[in-house]
Amino acid sequence: MTDTLRFGNVEVRPSARELLLDGAPVKLGARAFDVLLAMIERRDRVVGKDELLELVWPGVVVEENNLQVQISTLRKLLGPQVIATIPGRGYRFAAAVDGDREAGASASRDLAHVAPAPRAISSAGNLPPAAPRLLGRDKDIDALAALVPAYRLVSIVGAGGIGKTRLALAAAHRLRNALADGVWLVDLAPLADAQLLPAAVAQALGAALAGGRSPLDEVTDLLRGRDLLLVLDNCEHVVDEASRFASAVLEQTTGVRLLTTSQELLRVEGEHLYRVAPLALPEGDDVASAQAAGAVALFVERAAALLPDFALGEHNVADVVDICRRLDGLPLAIELAAARVPLLGVAGVRERLHERFRMLTGGARTVLRRHQTLRELLDWSHGLLGEDDHVVFRRAGVFAGSFTLPAAQQTLADARVDEWAVLDHLGTLVDKSLVAVEPGEPPRYRMLESTRAYALEKLRESGETESVLRLHAQAVRALFEHERTEAWTVPAPERTRRCLPDIDNLRAALDWSGEAGERELHVALAGASAWLWGAVGLRLEGLRRCDEALTMVDAATPPLLEARLQLERQMRATPRFDTDERKALQRAIDLFRQLGDQQELFAALGNLVAASALNGDFDVGAQALAEMEQLHDATWPPALRWQLVKARVWQWAYEGHADKAAAQIDEGRRLAEQAGDESLLMGTLIWAEQNAQTEGRTEEAVARGKQLLALLHDMPFSRLRSNAISNLCTALTELGRIDEALPLVRQAFELNSRAGTLWAFLDPLALLALRQGRDRDAARVLGRADAVHAWRRGRRELAEMRIRDLVERELGDRLSAADFEALRREGEMLTDEEAAQVALGEQQ
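Structural notes, computed from the coordinates. Note that the structure is a prediction, hence the values are computed from the model and not measured.

Bringing the overall build of the protein into the picture now. On a plain count of helices and strands, the protein comes out with 40 helices and 14 strands. Relative to a compact globule of 844 residues, whose C-alpha radius of gyration would be 28 Å, the protein shows 36 Å and is clearly more extended. Across the 844 residues that make up the protein, the buried fraction comes to 54%. For the protein, the proportion of contacts with a sequence separation of at least 24, taken over those separated by at least 6, is 68%. Side-chain charges in the protein split into 100 positive and 124 negative, and the spacing between the mean points of these groups amounts to 2 Å.

As a further point, take the packing of helix α37 (residues 775–791) against helix α38 (residues 798–814). Two elements in contact, α37 and α38, have axes whose closest approach is 11 Å; the angle formed by their N-to-C orientations is 140°. Taken together, the axes of α37 and α38 lie oblique to each other. For the element pair α37 and α38, the recorded crossing hand is left-handed. Contacts from D775, A778, A779, L782, D786 and H789 of α37 reach α38 at E800, R804, V807, E808, L811 and R814. Grouping the amino acids of the contact of α37 with α38 by side-chain chemistry returns 5 nonpolar, 1 polar and 6 charged.

Right, let's talk about the state of the cysteines for a bit. Counted by the stated rule, this structure contains 0 disulfides. Lacking any disulfide linkage, C499 is separated from the closest cysteine sulfur, that of C546, by 15 Å. A relative accessible area of 0% places C499 in the buried class.

Moving on, we get to the pattern of salt bridges. Evaluation of the coordinates by the stated rule reveals 70 salt bridges. The residue D502 makes a salt bridge to R444 at a minimum N-O spacing of 2.9 Å. Taken together, the positions of D502 in the loop between α22 (492–499) and α23 (503–515) and R444 in strand β14 (residues 444–446) put the pair 58 residues apart, joining distant regions of the chain. Here D502 matches R444 in class, with each residue buried. It is possible to trace a salt-bridge network through shared partners that takes in D504, R507, D511, E541, R544, R545 and E548.

Mapped onto the elements, S433 comes out in the loop between α19 (419–431) and β13 (436–438). You can call S433 buried: its relative accessible area is 11%. A polar side-chain atom of S433 sits 2.7 Å from the main-chain carbonyl oxygen of Q263. Apart from the residues within four sequence positions on either side, S433 is in contact with V157, G158, A159, Q263 and R275.

Here we take up the environment of A724. Inspection of the secondary structure assignment puts A724 in helix α34 (residues 718–734). In sequence terms A724 and E695 are 29 residues apart; their C-alpha atoms lie 17 Å from each other. Those residues in contact with A724, other than ones at most four positions away along the chain, are I686, E689, L708, L709 and L712.

Looking now at the sheet that holds β14. Read from one edge to the other, the open sheet built from 3 strands follows the order β12-β14-β13, with strand pairing classed as antiparallel. The sheet terminates laterally at β12 (402–403) and β13, the two strands that pair on one side only. Pairing of β12 with β14, which is carried by 2 bridges, proceeds in the antiparallel orientation. What sits directly across from F403, in β14, is Y445.

For the rest of this paragraph, the subject is the packing of aromatic side chains. Remark: the centre distance and the inter-plane angle together describe each pair of aromatic rings, the angle taken between the planes. According to the stated counting rule, one finds 8 aromatic pairs in the structure shown. Taken together, a centroid distance of 5.1 Å and an interplanar angle of 80° make the contact between F7 and F93 edge-to-face. Highlighted residues: F7 in strand β1 (residues 5–7) and F93 in strand β6 (residues 90–93), separated in sequence by 86 residues. Given the relative accessible area of 3%, F7 is considered buried. Chaining the aromatic ring pairs together yields one cluster made of F399, F403 and Y445. The ring of W652 has K660 sitting right over it, with the charged end atom 4.2 Å from the ring centre. Directly above the aromatic system of F820 lies the positively charged group of R824, at a separation of 6.0 Å from the ring centroid.

When the terminal C-alpha atoms of helix α31 (residues 658–675) are compared, their 25 Å separation across 18 residues agrees well with the 26 Å that a helix rising 1.5 Å per residue should span. If you follow the buried residues of α31, they end up packed against α30 (638–655) and α32 (678–694). Just beyond α31, the residue with positive phi is G676, at close to 70°.

Turning next to the packing of helix α5 (residues 138–150) against helix α6 (residues 164–175). Orientation of α5 relative to α6, taken along the N-to-C sense of each, is 60°, at an axis distance of 9 Å. By the criterion of interaxial angle, the relationship of α5 to α6 is oblique. Pair α5 / α6 crosses with right-handed handedness. Contacts from D140, I141, D142, L144, A145, V148 and P149 in α5 reach L167, A170, A171, R174 and L175 in α6. Tallied by class, the residues present in the contact of α5 with α6 amount to 9 nonpolar, no polar and 3 charged.

With that settled, consider the nonpolar core. Formed by 111 residues in total, the largest nonpolar core has its most connected members in L259, V296 and F299. Ranked by the residues each element gives to this core, the list is headed by helix α24 (residues 519–535), at 11 residues. In this view, V296 contacts P282, A290, L312, V320, V321 and C324; residues no more than four positions away in its chain are not counted.

Along any regular strand the residues' side chains alternate between the sheet's two faces. In this sheet, strand β2 (residues 10–13) lies alongside β1 in antiparallel orientation, the contact comprising 3 bridges. Bridge pairing links F7 to V10 in β2. As consecutive antiparallel partners, β1 and β2 are separated by 2 residues, and within that stretch G8 has a phi angle of approximately 60°, a positive value. Taken together, β2 and the strand that follows it, strand β3 (residues 18–21), pair antiparallel across an intervening segment of 4 residues, in which R17 is found at a positive phi of about 55°.

Moving on to helix α13 (residues 331–339). Of all 9 residues in α13, 7 are buried, a share of seventy percent or more. Those residues of α13 lying buried are P331, L332, A333, I334, L336, A337 and A338. Contact partners of the buried residues in α13: α11 (294–306), α12 (317–326), α14 (341–351) and α16 (374–383).

Within strand β10 (residues 256–262), 6 of the 7 residues are buried, which leaves it mostly tucked inside the rest of the structure. With 5 bridges joining them, strand β7 (residues 153–157) and β10 adopt parallel strand pairing. Considered in β10, the bridge of S155 is made with T260. Note that strand β9 (residues 228–233) and β10 share 5 bridges and pair parallel. Within β10, the residue paired with L232 across the bridge is T260. In this region the chain leaves β9, passes through helix α9 (residues 239–252) and returns to the parallel neighbour β10; the handedness of that crossover is right-handed.

Taken in spatial order, the 4 strands of this open sheet run β1-β2-β3-β4, and their pairing is antiparallel. Every interior strand has two partners, whereas the edge strands, β1 and β4 (24–25), have only one.

A few words now on unusual backbone geometry. Peptide bonds are, in most cases, trans, and in most cases residues other than glycine have a negative phi. The residue D22 is not glycine, and still its phi comes out positive at about 55°. Relative to the helices and strands, D22 is located in the loop between β3 and β4. At D328, a residue that is not glycine, the phi angle is positive and equals roughly 60°. Its location among the elements puts D328 in the loop between α12 and α13. Judged by its relative accessible area of 17%, D328 falls in the buried class.

This brings us to the side chain of Q664. Counting through the fold element by element, Q664 comes out in helix α31. Residue Q664 is classed as buried on the basis of its relative accessible area of 11%. Once residues within four sequence positions are removed from consideration, Q664 is found in contact with V645, R648, V649 and W652.

Thresholds applied
Residues numbered from 1 in each chain as written. Predicted model: local features only at pLDDT ≥ 70, side-chain atom pairs only at ≥ 80, totals over all residues. Heavy atoms only, no water. Helix = DSSP H or I, 4+ residues; strand = E, 2+ residues; numbered from the N terminus. Rg over C-alpha atoms; globule rule 2.2 N^0.38 Å. Buried < 20%, exposed > 50% of the residue type's maximum accessible area, 1.4 Å probe, protein only. Contact = heavy atoms within 4.5 Å. Lys, Arg positive; Asp, Glu negative; His and termini not counted. Charge placed at Lys NZ, Arg CZ, Asp CG, Glu CD. Axes fitted to C-alpha atoms, helices over the stretch in contact; angles between N-to-C directions. Parallel < 35°, antiparallel > 145°, perpendicular 65-115°, else oblique. Left-handed = near helix turned anticlockwise from the far one by under 90°. Nonpolar A, V, L, I, M, F, W, Y, C, P; charged D, E, K, R; others polar. Disulfide = S-S within 2.5 Å. Salt bridge = Lys/Arg side-chain N within 4 Å of Asp/Glu carboxyl O. Polar contact = N/O pair within 3.5 Å; in protein donor to acceptor, adjacent residues only side chain to side chain. Pairing = 2+ DSSP bridges. Phe/Tyr/Trp six-rings, centres within 6.5 Å; stacked < 30°, edge-to-face > 60°. Lys NZ or Arg CZ within 6 Å of the ring centre and 35° of its normal. Expected span 1.5 Å × (residues − 1). Core = buried A, V, L, I, M, F, W, Y, C linked by side-chain atoms within 4.5 Å. Right-handed = clockwise from strand over helix to strand, strands pointing away.

Here it is in structure tokens:
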């Protein structure tokens, strides 16, 4: 070969390994130079990809993507027309080399095959022969197959690794026979230069650009008059050029349709968004629910491909479901996790998910490199962001679960990125599918857990972790302190609906402030938010959180913060008023008196009346009730005045003034309706139900209980549901309607177990065993119930006492005194759970 090769304005000097443009040396990497030289030397034919890989990387196994990168570099430097792609065959050097008389004619002949006249484009397209097998995506494929004919530009948008490419291919296969000129796939991932996008489209179509005009104009001319679908895959890193290309195609052609995949929209007029959700997750933890979920189906299929004996069953369903949930149903992450099953086992994969970026590696060699590990995928997405986007992205990782825009602005802003800039950058993260929007009013935002873990890594690297976590905890405190100020004016169901989505943020803020020794912040958080735990049936967690916060109270704690926490601690405990509860409540009352906070004092005194009534301390209750009546202000909100009604019901009912208590129940209903607070109304109805049961009007108690349960159907208050269900199944059991009672008994058992109040449900369970003819079991359960009440140093509520006495009376008629006492003593040695199992006939 001659020492200098020339084509156009290009000189190649093989011996010196130099490339010159217009006589000036140009820097070119060694691999790119080797590719160019190999192509020139074989310019008389098509060079296969495998041949090029062996020529340029002899004896080394490399990915085809490396070759594509070098080809793209050469096209950017020399022009896209110099190297033509021959679909399914390889590459061809298409320029005429000086001194090679036949080169021009040869190139023309080959390009006539590569770039036929516009009307000669093959109708077959270039899709892979078979559609990809997708699990859990039938509805998505159906939807896309309907959208593409209806809209000329459909963009499949979603997080990296969610399966956009495979979904696009599946939909394209469904449509391939409906288009006269076929479906053409254009993979934009290898493009290092966005300006090469039109050339990439031409190459995919099997055409070469002639030059002399802009590549975009040449491609639109080629497409004009065609009836085809272009699938532009992986647009996110060339999104601006992809938008320009799509706009031109839509304006200058009539029969061409575009289906794009990207992490963000092209933002072109007429574009229709199809946002891809993660694979469906199981609704339950049982095998049947798991098998119906696309995420689990994918995990099982991929694991079984590596372990033919692998199957989903009772022995592994909990681990598989947890893996899929913690990976948010993200297909790539699930496939990478399943690939680790042969080495680690399902339980081992689950245990190591906290190290997901080290564990989730080793994807298929045939896929994009960024899809071979979870970290590389997120590195790619992160690399598409601007510098201030990086700041907002990493700081947003502190949110556990979802978050609102105000919380984001309060937590993520600083002197560099102000609150309004946070709004803009958060919008960018949504556009690029790094943050998802949950519909609602107001909308909420969420990161997938893997994305959040990656963001937290970046936050640690920045050194901002502690400062941002402090801002997060302060934002959570502000939210719950605001809600507490509305305790008497906004109905409890509404406040609960507003705050429940932030329960994970609350947990995170409490955990961090406690570990960081932020005493005042931690006490304020715990006191302001404790009501939520009770509202959603997590009484034990609320009690634990209050107890932890009390250890951080010291002389520097503001009295108002301590008073609120002490009151909430007593409210989260049972109303049995043991020594700790009495001290907490009395401390709160004393502090509220010192502060002159009449409304808080009024509510705290109401708790004292109820607790005193349960313990028979009627004088204490009467004094507290008298003080409440002195403080009472008719201008206060109805929900606050309802507290006085509640206190009167407790005091008068336990003193034996049933008629006065009944009158107050009617007054309570009136105030609850005036307040528009469903939880107060439900509480009043529960009093009426319990009053009927206490006085032996059991049929009325059943009727009221069913009415109440129907009203509670859509309410998220587990405490109220637990009370209503427990009362109704007790009344049904007393009437011997066991078949009706049993499903409710199971629900009440689960709710009370979760809330840590199973001990309070033992009397109805003893009645159940009695009505089923299991007298000895009933005696054992009653023994445990008596023992636990004695240990708690509290009296039963009136309805509970009536049931307890009924069971003892009937057992006294059926068992000898000696047997009854012996069985009661046996029961004293049981735990609450064991006694419940005895009552349900599940333990001998």
